[in-house]
Amino acid sequence: MVEGLEEVIVSLYAKGMSVSDIEEQVREVYKFDVSGATISRITAKVAEDIVAWQNRPLEPVYLIVWMDGIVFKVRENSKVINKTVHIAVGLRRDGLKEVLGMWLGKNESAAYWMSVLTDMKARGLEDILITATDNLNGFTQTIRSIFPDSATQICVVHQIRNSCRYVVWKDKKEFTTDLKDIYAAPTRQAALAGLDSLDKKWTSKYAYAVKSWRENWEELTVFFDFPIEIRQIIYTTNLIENLNGKIRKYTKNKLSFPTDDAVMKSVYLALRESSKKWTMPIRNWGMILNQFLTIFGSRVKI
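Residues numbered from 1 in each chain as written. Predicted model: local features only at pLDDT ≥ 70, side-chain atom pairs only at ≥ 80, totals over all residues. Heavy atoms only, no water.

Student: Please explain the packing of helix H4 (residues 110-122) against helix H5 (residues 139-146) as it appears in this structure.
Tutor: Geometrically, a packed helix pair is captured by the angle between its two axes and the distance between the axes. Put simply, H4 and H5 touch, their axes get as near as 9 Å, and they point 25° apart. When the interaxial angle is binned, H4 and H5 end up roughly parallel. The way H4 lies across H5 gives a crossing that is right-handed. On the side of H4, the interface is formed by Ala110, Trp113, Met114, Leu117, Thr118 and Lys121, while H5 contributes Phe139, Thr142, Ile143, Ser145 and Ile146. Looking at the contact of H4 with H5 residue by residue, the class counts come to 7 nonpolar, 3 polar and 1 charged. (Axes fitted to C-alpha atoms, helices over the stretch in contact; angles between N-to-C directions. Helix = DSSP H or I, 4+ residues; strand = E, 2+ residues; numbered from the N terminus. Parallel < 35°, antiparallel > 145°, perpendicular 65-115°, else oblique. Left-handed = near helix turned anticlockwise from the far one by under 90°. Contact = heavy atoms within 4.5 Å. Nonpolar A, V, L, I, M, F, W, Y, C, P; charged D, E, K, R; others polar.)

Student: I would appreciate a short explanation of a positive patch on the surface in the present structure.
Tutor: A contiguous patch of positive charge, built from Lys246, Lys249, Lys252 and Lys277, is present on the exposed surface. Relative to the assigned elements, lysine 252 resides in the loop between helix H11 (238-251) and helix H12 (260-274). (Patch = residues over 30% accessible without salt bridge, like charges linked within 9 Å, V, L, I, M, F, W, Y side chains within 5 Å. Areas by Shrake-Rupley, 256 points an atom, 1.4 Å probe, with all protein chains shown as cover. Salt bridge = Lys/Arg side-chain N within 4 Å of Asp/Glu carboxyl O. Lys, Arg positive; Asp, Glu negative; His and termini not counted. Charge placed at Lys NZ, Arg CZ, Asp CG, Glu CD.)

Student: Quick question: what am I supposed to make of the nonpolar core here?
Tutor: The nonpolar side chains of soluble globular proteins are, as a tendency, buried together. In terms of nonpolar packing, the biggest core is built from 77 residues, with Ile87, Met102, Ile130 and Phe292 touching the most fellow members. Core analysis: the second largest hydrophobic core is formed by 17 residues, Val116, Leu117, Ile128 and Phe147 among them. (Core = buried A, V, L, I, M, F, W, Y, C linked by side-chain atoms within 4.5 Å. Buried < 20%, exposed > 50% of the residue type's maximum accessible area, 1.4 Å probe, protein only.)

Student: What exactly am I supposed to notice about the layout of surface pockets here?
Tutor: Unfilled space is identified by rolling a water-sized probe across the atoms. Considering only enclosed or pocket space, the largest pocket measures out at about 530 Å³ in volume. Residue lining of the largest pocket: 21 residues in total, with Lys97, Ile233, Leu239, Asn242 and Ile282 positioned closest to the centre. Elements with a minimum of two residues in the lining of the largest pocket: helix H10 (228-234), H11 and H12. Element by element, the count of residues in the lining of the largest pocket is highest for H11, at 7 residues. As for the second largest pocket, its lining consists of 13 residues, of which Asn135, Leu136, Asn137, Gly138 and Asn216 are closest to the centre. No other element matches the 3 residues that H5 contributes to the lining of the second largest pocket. Partitioned by chemical class, the residues of the lining of the second largest pocket number 3 nonpolar, 7 polar and 3 charged. (1 Å grid on protein atoms, 1.4 Å probe; cavity = no way out; pocket = protein on both sides within 12 Å on 5 of 7 lines; lining within 4 Å. Points joined across faces, edges and corners; volume = space filled by probe spheres on them.)

Student: How do you make sense of empty space enclosed by the protein when you look at a structure like this?
Tutor: Within the structure shown, the criterion is met by 1 cavity of 30 Å³ or more. By volume, the largest cavity is sized at about 30 Å³. Together, Val156, Ile182, Tyr183, Trp213, Trp217, Leu220, Thr221, Phe223 and Phe224 line the largest cavity. At the level of elements, helix H7 (169-183) and helix H9 (217-220) are the ones that each hand at least two residues to the lining of the largest cavity. Residues of the lining of the largest cavity, tallied by class, amount to 8 nonpolar, 1 polar and no charged.

Student: Where do I start with helix H3 (residues 36-54) in this structure?
Tutor: Helical geometry: 3.6 residues make up each α-helical turn, so side chains three or four residues apart lie on a common side. Spanning 19 residues, H3 covers 28 Å between terminal C-alpha atoms, matching the ideal 27 Å at 1.5 Å per step. Every buried residue of H3 is accounted for by Gly36, Thr38, Ile39, Ile42, Thr43, Val46, Ile50, Trp53 and Gln54. As for H3, its buried residues are in contact with helix H1 (5-14), helix H2 (19-30), strand E3 (97-105) and H12. (Expected span 1.5 Å × (residues − 1).)

Student: What is the right way to look at the pairing of strand E5 (residues 151-154) in this model?
Tutor: Regular strands place side chains that alternate from one sheet face to the opposite one. Neither face of E5 is left uncovered, since the one carrying Ala151 and Gln153 and the one carrying Thr152 and Ile154 both have all their residues buried. Taken together, strand E4 (residues 127-133), H5 and E5 form a β-α-β motif whose crossover is right-handed. (Right-handed = clockwise from strand over helix to strand, strands pointing away.)

Student: How should I be thinking about the pattern of salt bridges in this particular structure?
Tutor: If charged atoms from side chains of opposite charge come close, those side chains can pair. Applying the stated rule across the entire model yields 23 salt bridges. Arginine 144 is paired through a salt bridge with glutamate 219; the nearest N and O atoms lie 4.0 Å apart. Here glutamate 219 lies in helix H9 and arginine 144 lies in helix H5, a separation of 75 residues in the sequence. The exposure class assigned to glutamate 219 is buried, which follows from its relative accessible area of 14%. Through salt bridges that share partners, Arg56, Arg92, Asp94 and Glu98 make up one connected network.

Student: Hey, could you run me through the packing of aromatic side chains in this one?
Tutor: For any two aromatic rings, the description comes down to two numbers: the centre-to-centre distance and the angle of the planes. Under the counting rule described, the total for this entry stands at 12 aromatic pairs. With 6.3 Å between their ring centres and 80° between their planes, phenylalanine 175 and tyrosine 206 make a pair best called edge-to-face. Remark: tyrosine 206 occurs in helix H8 (residues 188-215) and phenylalanine 175 occurs in helix H7; sequence separation between them is 31 residues. Taken individually, phenylalanine 175 and tyrosine 206 each receive the classification buried, so the pair is uniform in this respect. Aromatic rings pair up to connect Tyr183, Phe223, Phe224 and Tyr235 into one cluster. (Phe/Tyr/Trp six-rings, centres within 6.5 Å; stacked < 30°, edge-to-face > 60°.)

Student: Which parts of the structure should I look at to understand the environment of aspartate 94?
Tutor: Looking at where aspartate 94 falls in the secondary structure, it is placed in the loop between strand E2 (79-91) and E3. Its relative accessible area of 34% is what places aspartate 94 among the partly exposed residues. Aspartate 94 has contacts with Pro281 and Trp285, leaving out every residue within four places of it along the chain. A distance of 2.7 Å separates the side chain of aspartate 94 from the side chain of arginine 92, its partner in a polar contact. Within the local environment of aspartate 94, its side chain forms a polar contact with the backbone nitrogen of leucine 96, the two atoms lying 3.1 Å apart. (Polar contact = N/O pair within 3.5 Å; in protein donor to acceptor, adjacent residues only side chain to side chain.)

Written as C-alpha cells, this is what we have:
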C-alpha cells in the first residue's frame, strides 16, 4: 500500500465520507485500488485507539473544564433514538486545550455527568479550578459532589438563549439589549442593578424569562470573581460549542448511526481532526497563568 495511505483513509472517513466514496477518492488521487473490505479493516482499528485514548491518564489539575453534550440519532433494537455524546475539554497548566474524553448516554442529565466526572477522577484528575457548563438541572451540585472546591460557572450564552425562548419575536431585540446590562456589567453589583431593571420592565410580560436569571444568579455570576481575561473564557461554553459545530460538520452526511460504536468512532475521529490545530496556548496565556497563580496559589501546582 502507498506510504501514509492508511492515515489518509482514516482522515477521509473522519470527514464523513462513505467507504465507496473513499475507494473512489483513493483511485482518483493515488491511482491505487483499495477494496471496501480493506478500508473497513483500517477504520476498524480506530476502535482500539478509542479504548486506549478513553482510558489514558489525565493531568492532576485543569484550570478550566468545559462540558457539554451533543445529540445524535442511533439505531437501537430496530428503532432510531436520540443519544447524547458528553464531551469535556480541559485547559491545562501549559495553556493548551485537551479533549478529556467522550461518553455516550441516552440523554444529558446530572446523574450521567456524575459518572463522567467520576471516570475523570479515576483517571488521575484531582482538581478542577473552574467548570463551565450549561444550566442543566442539578449539574452544579453534581460537580461539587465530586470536585467540591470547583468554581461552577453556568454558560451565560445558554441562559440568554433559554430565557429568550419565552419572548415574542417583536420584543426580542429590546429584551436582549436589556440583558446586556447584566452580563456585560463591570461588576456583580452593577449586574444585579441590571437584573432589577429587567425585572421591573419585563416581569409583567415575561415572568418566567426573568425568574430564571434570579434562580440561577449565583452560578451565572461566578465570572465576576475573576479578572477580565479569565472572565472572557469562562462565562460561555462557546469553545466546546464551536467544537460541537465541527463535529456536526464531519458527521453531517450520517442521518443516523447503526450502532453505538459507529457514532463513537465518528465523533472520536472528528475530535481528533478538530483538535489537531490546538498546538498553541490560548491568547494572553502568560497573563492568564499569573492570574490563576495569584487567585488559586498552590492548587495550580498540584
